[in-house]
Amino acid sequence: MWQKLARSVLKYRGWLLFLLGATTVVMGIFASRIQLSYEFSKAIPTQDPKYQDYLAFKKKFGDDGNVLVIGVQSPDFFQLKNFQAFQELTTALKKVPYVEGVLSVANASALHKDTATQKLVPVPVFPQELQSQAQLDSCKNAFFALPFYQSLIDNPRTGAYLMVVRINKDILNSKGRTAVINHIVQAANHYSQTTRIETHLSGLPLIRTEVADRIAHEMKWFIVGSLVLSALILLLMFRSVSTTLLSLLVVVIGVIWSVGLTWLFGYKITLLTALIPPLIVVIGIPNCIYFLNKYHATYKYTRDQEKSLVDMVSKMGVVTLFCNLTAAIGFAVFALTQSAILKEFGQVAGISIMLIFVISFILLPGALSYMAPPGNHELRYLDNRVFTRFLLKIEKWVFHHKKVVYGLTVAVVAVSIMGMFRLKTEGYIVDDLPKTDKIYKDLKFFEKNFNGVMPLEILIDSKKRFGLAGTRILPVLVKMDSLSTYIQSLKVMNRPLDLAEGIKFAKQGFYDGDSAYYSIPDSYQAAFLSSYLRPGQDTGKGKEGLQSLLNSFIDTARQTTRMSVDMADVGTLKLPVLLKGLRKRTGELFDTSKYKVTFTGTTITFLEGSVYIINGLKASIAWAFLFITLAMLFLFRSGRILLFSLIPNVIPLIVTAGIMGWAGVRLKPSTVLIFSVALGIAIDVTIRFLVNFKQELPDHDFQTQTTVSQTIKNTGLSILYTSLVLIAGFVIFCFSGFGGTQSLGWLTSITLLTATLTNLVLLPVLLLSTARSGPRKTRAKD
């Protein structure tokens, strides 16, 4: 069948190449329309109850991830010139397009009671035109007498101050947010240059924008880097510019198709889908090496170009098909998970890998048939002395040191299993950023001085309309204040901003700014205070007024109120413990028959998403193992060969897991990805070796020892070259700015290196250990 297919490809090569070119042009048009994703990773399924809670929260109260914070820390902060620069920064940020509000020490207000109009009027603590240091010091003392702002925008204990910048949520989901973030960063840098006070920036808008922009930047460099590295290896191997360019053309077309396919699926470029183009380069080059190596080997002995091309397609077609199939399975199983971001990655990567097979199957024989036959200088790599000596040493170990091979294998596996028991499963929101990165260090600044900036929302539902209206809210405010005290005691959560804090602030203003009255009013005090908080009696302009602030923490039905908490990025191990404690405390405070308390926000959805990703990736390994096993069983139709094919590929996974355990690399969404990907790619070496072994076996009268020896010599060269390309291709990812991508690079490279050794050494030893002696016997005819 494969010979007929080979002749058909050569016979209709013109039409096939034209069709390939036309399709590439169309896919190129689609690829040019691809967009960068500006949303946070869609790890959690849309039907998940916690995600539904988050959507319900956003519908009532708006987005919780549109706040950027700027922090400073200096004993000279309240020096006149420095503070005036901070005022100028506050004013400048208000003028940035799509910035909806700025809150800082510079524009903090106190509430003054106007008995004539029965309003609480906001009065700036710091006048815009400060005249002297003495005036500033007086205003500073007035500011410190306002407990409302303490720990929210200032930390008197550490001398740190925070500015809150609220950005339009729609611009944050578009490419325009980069310009907005850049304007804010430039303004902050100008303040630092003027005052010599360092600024720290954080918040989800900044983190998301920086990550998205770095993804776009790295994607370009990874594609270029993988192409350059592959070109160098191919030039060293084939010593032919035309052959190298042809191989690069195969993977360039594959990259165009993969990006076009991403657009056709309606997906955008994310942290994961950005890895697909360079992966296509890494996986596509071995296809070219397999085909070209067979073409050159056959031509060296026959000197017949057409026969060599037919032999290349007929013998390498099935090998490359199953190599790509198993690699595609390693990626496609992610589509079986419930995580949207993994589904996207699995679907596009799996199909793209199979398409690279189609591209190489059509383009290589078609183009080679139009090119001149390879010259002697292009065939010299077949007799590479370095690799030949290395393969001879491997052959010596296989035939004369079987016990040593088994002993070393058992020892390595034992040490690796010990390391596996040290593995920990834990993830963080900014897990993939190196600890030396400014974003990471700035986040730690806010965690140290303000207990973090990651949003957590606590919703308190009274279960009935107007259940929180009027004086009915007073007992709820008392409970919220008690819960706030408990939250502050946790040390990794900041004091909540909620209706209770707003009412306490209003009460202080009602009592002429006396901080002793910063507390929840009783029913008697509430009767006097309520007239100053009537709807329509807004105490400020636009979204800056107290009434607008209070309204943002209770829904229009007066049924549900919220407590907004900023917290540290504590990770997926500590967060469930914290939430368990919070649920216990809310259970003690709020009667479940009267109130429903819901925990939501980006922090909760991240935790839930991480759980889905890790569990999905663990399941994907099992699915990949199952599907690859079925593919191998279909290919070899032998239980013994199936077992031998799996052992050399399971061991590298155990070794990688062991190294992760000993090195302290945690199991997290970005590292669990490695195992099913590496399994799908590493099995290619096994297929290549065993298919060649089966093809050689009849030629050597079914003598296993002779066949194994010839297979090592004939197949070992292409295995070494392809392994070199694969390992070098994944090493490129080690230069990423994301920890997960770096781990994918060096851990996958180790897995592939181990798989190369096990398939070239352990696999032949297994075949020899169970070999039948002598030629196969045939039944005599009667």
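Throughout what follows, the structure given in this document is the object of discussion. (Residues numbered from 1 in each chain as written. Predicted model: local features only at pLDDT ≥ 70, side-chain atom pairs only at ≥ 80, totals over all residues. Heavy atoms only, no water.)

**Remarks on the pairing of strand E1 (residues 67-73)**
- Taking burial as the measure, the seven residues of E1 include five buried ones, the bulk of the element.
- Note: E1 against strand E6 (residues 160-167), seven bridges, orientation antiparallel. When the sheet's bridge partners are listed, valine 72 is paired in E6 with tyrosine 161.
- Sheet topology places E1 next to strand E7 (residues 199-202); four bridges connect them, and they run antiparallel. From the neighbouring strand, valine 69 faces E7, where its bridge partner is serine 202. (Buried < 20%, exposed > 50% of the residue type's maximum accessible area, 1.4 Å probe, protein only. Helix = DSSP H or I, 4+ residues; strand = E, 2+ residues; numbered from the N terminus. Pairing = 2+ DSSP bridges.)

**Side note on the packing of aromatic side chains**
- Enumeration according to the criterion identifies 35 aromatic pairs in this entry.
- Measuring from centroid to centroid gives 5.4 Å for phenylalanine 78 and tyrosine 161, while their planes differ by 90°, and the two rings are edge-to-face. Taken together, the positions of phenylalanine 78 in the loop between E1 and helix H4 (80-94) and tyrosine 161 in strand E6 put the pair 83 residues apart, joining distant regions of the chain. Across the pair, tyrosine 161 and phenylalanine 78 agree in class, each one buried.
- Measuring from ring centre to ring centre gives 5.2 Å for phenylalanine 222 and phenylalanine 733, while their planes differ by 90°; the resulting arrangement is edge-to-face. Of this pair, phenylalanine 222 sits in helix H8 (residues 204-238) while phenylalanine 733 sits in the loop between helix H25 (704-731) and helix H26 (739-769); the two residues are 511 residues apart in sequence, bridging distant segments of the chain. This pair shows no difference in class: phenylalanine 222 is buried, exactly as phenylalanine 733 is.
- Taken together, the ring pairs in this structure connect Phe77, Phe78, Phe83, Phe86, Phe126, Phe143, Phe144, Phe148, Tyr149, Tyr161, Tyr191 and Phe505 into an aromatic cluster. (Phe/Tyr/Trp six-rings, centres within 6.5 Å; stacked < 30°, edge-to-face > 60°.)

**Things to note about the nonpolar core**
- Counting 254 residues, the largest nonpolar core has Leu93, Val165 and Ile184 as its most contacted members.
- A per-element tally of this core places helix H24 (residues 669-696) first, with 16 residues.
- Discounting chain neighbours no more than four positions away, the residues touching leucine 93 are Ile70, Val99, Val102, Met163, Val165, Ile184 and Ala187. (Core = buried A, V, L, I, M, F, W, Y, C linked by side-chain atoms within 4.5 Å. Contact = heavy atoms within 4.5 Å.)

**Things to note about H4**
- In a regular helix each residue adds 1.5 Å, so 15 residues correspond to 21 Å; H4 covers 21 Å between its end C-alpha atoms and thus fits that length.
- Regarding H4, the residues found buried are Leu80, Asn82, Phe83, Ala85, Phe86, Gln87, Leu89, Thr90 and Leu93.
- If you follow the buried residues of H4, they end up packed against E1, strand E2 (99-103), helix H5 (133-144), E6 and helix H7 (177-195). (Expected span 1.5 Å × (residues − 1).)

**A closer look at the pattern of salt bridges**
- A full pass over the atoms with the stated rule returns eleven salt bridges.
- Residue arginine 214 pairs with aspartate 437 through a salt bridge whose shortest N-O separation is 2.6 Å. Here arginine 214 is found in helix H8, whereas its partner aspartate 437 is found in the loop between helix H15 (402-420) and helix H16 (438-450), with 223 residues between them in sequence.
- Put simply, aspartate 442 and lysine 438 hold a salt bridge, and the shortest N to O gap is 2.7 Å. Residue aspartate 442 and its partner lysine 438 are both found in helix H16; the two are separated by four residues, about one turn of the helix. (Salt bridge = Lys/Arg side-chain N within 4 Å of Asp/Glu carboxyl O.)

**Section: the side chain of threonine 756**
- If you trace the backbone, threonine 756 turns up in helix H26.
- When near neighbours in sequence (up to four residues on either side) are disregarded, threonine 756 contacts Ile719, Leu720 and Ser723.

**Considering the state of the cysteines**
- Under the counting rule described, the total for this entry stands at zero disulfides.
- Not part of a disulfide, cysteine 323 finds its nearest cysteine sulfur in cysteine 288, a span of 13 Å. (Disulfide = S-S within 2.5 Å.)

**Structural notes on helix H17 (residues 474-488)**
- The terminal C-alpha atoms of H17 lie 21 Å apart, and with 15 residues this matches the ideal 21 Å at 1.5 Å per residue to within 8%.
- Listed as buried for H17 are Leu474, Val476, Leu477, Met480, Leu483, Ser484 and Ile487.
- Looking at the buried residues of H17, the elements they touch are strand E8 (454-461), strand E9 (497-498), helix H18 (499-510), helix H19 (523-530), strand E10 (560-567) and helix H21 (571-589).

**Focus on the pairing of strand E3 (residues 109-114)**
- In this structure, E3 lies alongside strand E4 (residues 119-124), joined through six bridges in antiparallel fashion. Within E4, the residue paired with leucine 111 across the bridge is proline 122.
- Where E3 folds back on E4, the antiparallel hairpin that results is connected by four residues, among which glutamine 118 adopts a positive phi of roughly 55°.

**As for unusual backbone geometry**
- The phi angle at tyrosine 98 is positive, at roughly 75°, despite the residue not being glycine.
- Within the secondary structure, tyrosine 98 is located in the loop between H4 and E2.
- Judged by relative accessible area, which is 47%, tyrosine 98 ranks as partly exposed.
- Non-glycine residue arginine 558 carries a positive phi angle of around 50°.
- For arginine 558, the location among the structural elements is in the loop between helix H20 (546-551) and E10.

Bear in mind that shape data such as this cannot, by itself, settle questions of function.
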